[in-house]
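# Examining the three-dimensional arrangement
Next come the chains, spelled out residue by residue.
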Amino acid sequence: MASRVIPVEAFDLVVFGGTGDLARRKILPALFKRYCAGQMPGPSRLIGAARSEFTSDDYRDFVRPALKEFGEAEEGTSLEAFLNQIEYVTIDARGSTGWQELSTLLEGHDRIRAFYFSVGPGLFKDLAERLHGYRLVDPASRIVVEKPFGRDLETARALNKVLCRHFAEGQIYRIDHYLGKETVQNLMAVRFGNMLFEPLWNAQYIDHIQITVAETVGVGGRGAYYNKAGAMRDMMQNHLMQLLCLIAMEPPAQFEPDSVRDEKLKVIRALSSVEPHHIVRGQYTQGDGVQGFREDVDDPRSKTESFIALKCHLSNWRWASTPFYLRTGKRLKGRDSQITVVFKDAPHSIFGPDAGRHNNELTIQLQPNEGITLDVTIKEPGQGGMRLIDVPLDMSFAEALGPDADAPGAYERLIMDVIRGNQTLFMRDDEVEAAWAWTDPIIKGWEARGDVPKPYDSFTSGPDTAQQLMRRDGREWRGIDP
Ligand code: NAP
């Protein structure tokens, strides 16, 4: 089942930071794939913009290997035709260099203008001011803002204020690429498209929900940034919070940007404060051929966490008494992101104590191998009485939808949503601020206590205390698949 391509209008996408890591690895390859799928109408252009002194031809030579490495591009007509739709301007976000050239390049082309801020957040204000000052934006123009969106409530508010000075909220696309993942959207389809689950989707039937986003990589080349951010700011406040919103929100009246975002906001606002003993922070140590976190960030006394697990509650009617366990970390034993909804035991076992107790679990696997599994209890085959076992009803999307399903990647989908003007999968200003309002006291709490993260061996499941967090409640994390 090939994915349907919905046409978009012609556009100019200006990528500030067009020479950077994100542009090379994600944005340009994503656009190339959309081009190959026929979703980049003829006159559309991608305009790279950064300080490096490239001509457009130099930039195409710079982009070509990135498209081959990250965009599965092969030498040939598609690649060259796509490169012909690419231009470059040398520009300084903080100065005047290049702005007139960009203006000339955009002038006289009546098409959608989108400006992707793929630069450090310290430049967002400068870009917004210059875009406005050089009159490069009209009411139909959009800006795309990368994470991190602030480092606390105060900085996020200040950033919102600056952006809102020059753009309407409806023009600002705060990107969280987790929301562009096929399975994340399937989460909404499964919940709100099926009668089966929604009646059971509450504290009465669900014992707890756990969300894991595990990575095997360390901090890589982002040590300086990461040492200031940590897993709470880098992952929990945005990606895991967004997953929590989608799993816990009330059905929106329509699948339409503000209806969905209103419901997500209510979830964030319903989050109770987190008890200090419900938080586990960890730091990976060296071993198995890799450096430890402190060596990676070049700070032998770093107190920044590369792992965090916490238990939280939502104070609302649907979820009162249902705990949510969230964990994320680097250098864990597998690259494995999943949400598991663990249903309560059946109220009474008619099969006697020997049959064991079993419950249903719905697992939404985000990566790798996107898919959904429902563990169902059945009789163990064979003679010897009624013993029960759990077997998975397994729906791997790749298998269920066939080899041609070819769902677009997260950046592909989100960039096209920007062009279409659909903000459903982007965060609104109040959502981001509410997320920081919940996160700030947690971080301030451990800073005030002088909390030092627990060391954990690289390529494990994190600190033992994270296991204890669940075991104390008589529960277990689902294993992280290597
Ligand atoms: P990066 O590799 O350091 O690239 C930064 C880009 O900004 C370069 O193209 C640089 O090019 C340009 N730049 C720097 N100063 C400039 C100025 N004064 N005027 C114009 N351009 C300037 O960073 P990145 O990893 O691509 O990240 C970009 C943004 O995405 C950051 O906000 C980051 O937090 C976010 N992000 C990145 C990733 C990722 O996987 N990389 C993931 C999520 C979010 P010149 O030096 O040529 O000017």
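Our subject is the structure listed above.
So, here's what we can say about the structure. It should be emphasised that the depicted structure is a prediction, and the values quoted were computed from it without experimental measurement. (Residues numbered from 1 in each chain as written. Predicted model: local features only at pLDDT ≥ 70, side-chain atom pairs only at ≥ 80, totals over all residues. Heavy atoms only, no water.)

What follows deals with the layout of surface pockets. A water-sized probe rolled over the atoms picks out the places where empty space is left. Volume-wise, the second largest pocket comes out at about 450 Å³. Per element, the largest residue contribution to the lining of the second largest pocket is three residues, and it comes from strand β13 (residues 371-379). In terms of residue class, the lining of the second largest pocket is made up of 12 nonpolar, eight polar and three charged. (1 Å grid on protein atoms, 1.4 Å probe; cavity = no way out; pocket = protein on both sides within 12 Å on 5 of 7 lines; lining within 4 Å. Points joined across faces, edges and corners; volume = space filled by probe spheres on them. Helix = DSSP H or I, 4+ residues; strand = E, 2+ residues; numbered from the N terminus. Nonpolar A, V, L, I, M, F, W, Y, C, P; charged D, E, K, R; others polar.)

This next bit is on the environment of Q242. Residue placement: Q242 occurs in helix α8 (residues 223-248). Since its relative accessible area comes to 2%, Q242 is described here as buried. Sequence separation between Q242 and R269 is 27 residues, and the spatial gap between their C-alpha atoms is 13 Å. (Buried < 20%, exposed > 50% of the residue type's maximum accessible area, 1.4 Å probe, protein only.)

Glancing now at empty space enclosed by the protein. If you walk through the whole model with that rule in mind, you get one cavity of 30 Å³ or more. For the lining of the largest cavity, the secondary-structure elements that each account for two or more residues are α8 and α13 (429-449). Per-element accounting of the lining of the largest cavity gives the leading share, seven residues, to α8. Tallied by class, residues from the lining of the largest cavity come to nine nonpolar, four polar and six charged.

What follows concerns the site of the ligand. The local shell around the ligand holds 21 residues, among which T19, D21, R25, R51 and S52 are the closest. One of the backbone N or O atoms of A93 is found 2.8 Å from a nitrogen atom in the ligand. A distance of 2.8 Å separates an oxygen atom of the ligand from a polar backbone atom of V119. About the coverage of the ligand: the protein hides 76% of its 890 Å² of free accessible area. (Near = heavy atom within 4 Å. Polar contact = N/O pair within 3.5 Å; in protein donor to acceptor, adjacent residues only side chain to side chain. Areas by Shrake-Rupley, 256 points an atom, 1.4 Å probe, with all protein chains shown as cover.)

Let us now look at the pattern of salt bridges. In the structure shown here, the tally under the stated rule is 36 salt bridges. For E433, the salt bridge identified is with R157, shortest N-O distance 3.6 Å. Of this pair, E433 sits in helix α13 while R157 is found in helix α6 (residues 153-166), placing the two residues 276 residues apart along the sequence. Ionic contacts of the salt-bridge type, sharing partners, join the residues D258, R261, D262, R428 and D430 into one network. (Salt bridge = Lys/Arg side-chain N within 4 Å of Asp/Glu carboxyl O.)

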